Amino acid sequence: MLTTSPNTQNILTQVQQQMQHFQQTQGTYSAEIKRDQPTAILLLIDQSGSMNSNQKAQNCADAVNNLLNEVINISIKEDGLRDYIDVAVIGYGAEKDAQFLLEDGFMSLTQLTQNYISTTQKDFSKEIRGKISTETKTVKVWLNAVAKNATPMGNAFEKAFEVLEMWIKKNPNSFPPVVINVSDGEATDSTNDQMLEKAFNIKNLTTTDGQVLLFNCHLANEAQKAIIFPKNRQELPQNDKFALLMYDMSSNIPAKMHKKIANLIQEDIPENTQIVAMGYNADGNSFVKLLEVGTRTQFTAIAGKN
């Protein structure tokens, strides 16, 4: 496990100062999402050996597959599937370097529907006039549970930066991409200060509508209370350098998303409160909540389209 050394402390301090300068997320996050002006979701998935414990790899794969199925479902209109969202998935751990799991870069929803690896049956429950009914549907699978080797998170962030930079050049006026990184441990190919700088580079990418939003979710290793959407560093265990690193790596969530978070955590959020896009020691439910907040603004905009 690599940690910050005294020789790199000055670099870390400089990066943290830069992070503080850009701490307030800029932008309106109100660009219309349409076929000729899509938005994007990039998932970074830890597939290292430690993900084998507590069903983390399987729970992560299930959540990602559910998310991708939902992305497709909300984009189906009367005239068929509309390519409102581009999607990319990068896995890190299964191989020496991080790998794109769908194709080398972003793909449209039309391409996504054609590039699944299998299908499975899933039960869906809904309530109608007080009665709950269950319907079994066939859903697509894009990600299988994988857990082996080390944690080349640094390489995953480098690949993410490159593909995001190219996507923004093609879509300069779009609702900015959302990046969701899911891991259960520290990078094995980068020091903490290097990871902080890589995260800063991603968050500093912008469309005319705002900065890229970077969410980080640490999956639970211990039976401790999950911490999601912290408002300050003091909410995290101060003796856990990885928890504090993830806090510094993550974006501030734009104010327009605060109402959704307030509903999820069931507490009022005062005006001008800073909320950080991270989950620490997250269980399956907390992970799903983080995914939901990370994508809900786009989903709401798309669902409201005719």
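Here, every reference points to the structure presented above.
To start, this report covers the structure provided alongside it. (Residues numbered from 1 in each chain as written. Predicted model: local features only at pLDDT ≥ 70, side-chain atom pairs only at ≥ 80, totals over all residues. Heavy atoms only, no water.)

Before going further, it helps to examine the pairing of strand β11 (residues 213-219). Judged by how many residues are buried, β11 sits mostly within the fold: seven of seven residues are covered. In terms of strand pairing, β11 meets strand β13 (residues 278-282) through three bridges, oriented parallel. For Leu-219, the partnering residue across the bridge sits in β13 and is Ala-282. (Buried < 20%, exposed > 50% of the residue type's maximum accessible area, 1.4 Å probe, protein only. Helix = DSSP H or I, 4+ residues; strand = E, 2+ residues; numbered from the N terminus. Pairing = 2+ DSSP bridges.)

Packing of helix α2 (residues 56-74) against helix α8 (residues 284-303) leaves a shortest axis separation of 11 Å and a crossing angle of 10 degrees. Judged on the interaxial angle alone, α8 and α2 are roughly parallel. Contacts from Cys-60, Ala-63, Leu-67, Glu-70, Val-71 and Ile-74 of α2 reach α8 at Phe-287, Leu-291, Thr-295, Arg-296, Phe-299 and Ile-302. (Axes fitted to C-alpha atoms, helices over the stretch in contact; angles between N-to-C directions. Parallel < 35°, antiparallel > 145°, perpendicular 65-115°, else oblique. Contact = heavy atoms within 4.5 Å.)

Relative to the assigned elements, Thr-297 resides in helix α8. Each residue touching Thr-297, except ones within four places of it in the same chain, is listed here: Phe-175, Lys-256 and Met-257.

Our next topic: the side chain of Asp-86. On the secondary structure map, Asp-86 appears in strand β4 (residues 85-92). As a buried residue without a salt bridge, Asp-86 has its nearest oppositely charged side chain in Lys-170, at a separation of 8.2 Å. Each residue touching Asp-86, except ones within four places of it in the same chain, is listed here: Pro-38, Thr-39, Ala-40, Ile-41, Phe-106, Met-107, Ser-108 and Trp-167. (Lys, Arg positive; Asp, Glu negative; His and termini not counted. Salt bridge = Lys/Arg side-chain N within 4 Å of Asp/Glu carboxyl O.)

With eight of its nine residues buried, helix α6 (residues 241-249) lies for the most part within the structure. Residues of α6 that are buried include every one of Phe-242, Ala-243, Leu-244, Leu-245, Met-246, Tyr-247, Asp-248 and Met-249, and no others. A distance of 3.0 Å separates the backbone nitrogen of Phe-242 from a side-chain oxygen at the start of α6, and that oxygen is part of Asp-240. (Polar contact = N/O pair within 3.5 Å; in protein donor to acceptor, adjacent residues only side chain to side chain.)

For the rest of this paragraph, the subject is α8. Along α8, the helix axis deviates most sharply at Arg-296, where the bend reaches about 50 degrees. Turning to α8, its buried residues are Ser-286, Phe-287, Leu-290, Leu-291, Val-293, Gly-294, Thr-295, Thr-297, Gln-298, Phe-299 and Ile-302. (Bend = angle between axes of the 7 residues up to and from the residue.)

On to the pairing of strand β8 (residues 178-183). By the criterion of burial, β8 is predominantly enclosed, with six of the six residues buried. Going residue by residue along β8, you find Val-178, Ile-180 and Val-182 tucked away on one face and Val-179, Asn-181 and Ser-183 tucked away on the opposite face as well. Examined bridge by bridge, strand β1 (residues 39-46) and β8 share five bridges and lie parallel to one another. By the bridge assignment, Leu-42 is partnered in β8 with Val-179. Examined bridge by bridge, β8 and β11 share six bridges and lie parallel to one another.

With that settled, consider unusual backbone geometry. We note that Asn-149 has phi near 70 degrees; this positive angle belongs to a residue other than glycine. Tracing the sequence through the fold places Asn-149 in the loop between β7 (131-141) and α4 (153-170). Despite not being glycine, Asn-281 has its phi angle at roughly 55 degrees, a positive value. If you trace the backbone, Asn-281 turns up in strand β13.

Let us now look at the state of the cysteines. In the structure shown here, the tally under the stated rule is zero disulfides. Considering cysteine sulfurs only, Cys-60 is the nearest to Cys-217, which forms no disulfide, with 8.2 Å between them. Of the residues examined, Cys-217 reaches a relative accessible area of 0% and is grouped as buried. (Disulfide = S-S within 2.5 Å.)

Along the chain, Ile-117 turns up in the loop between α3 (109-114) and β6 (118-128). On the accessibility criterion, Ile-117 (49% relative accessible area) is partly exposed. Distance in space between the C-alpha atoms of Ile-117 and Val-141 is 5.9 Å, their sequence separation being 24 residues.

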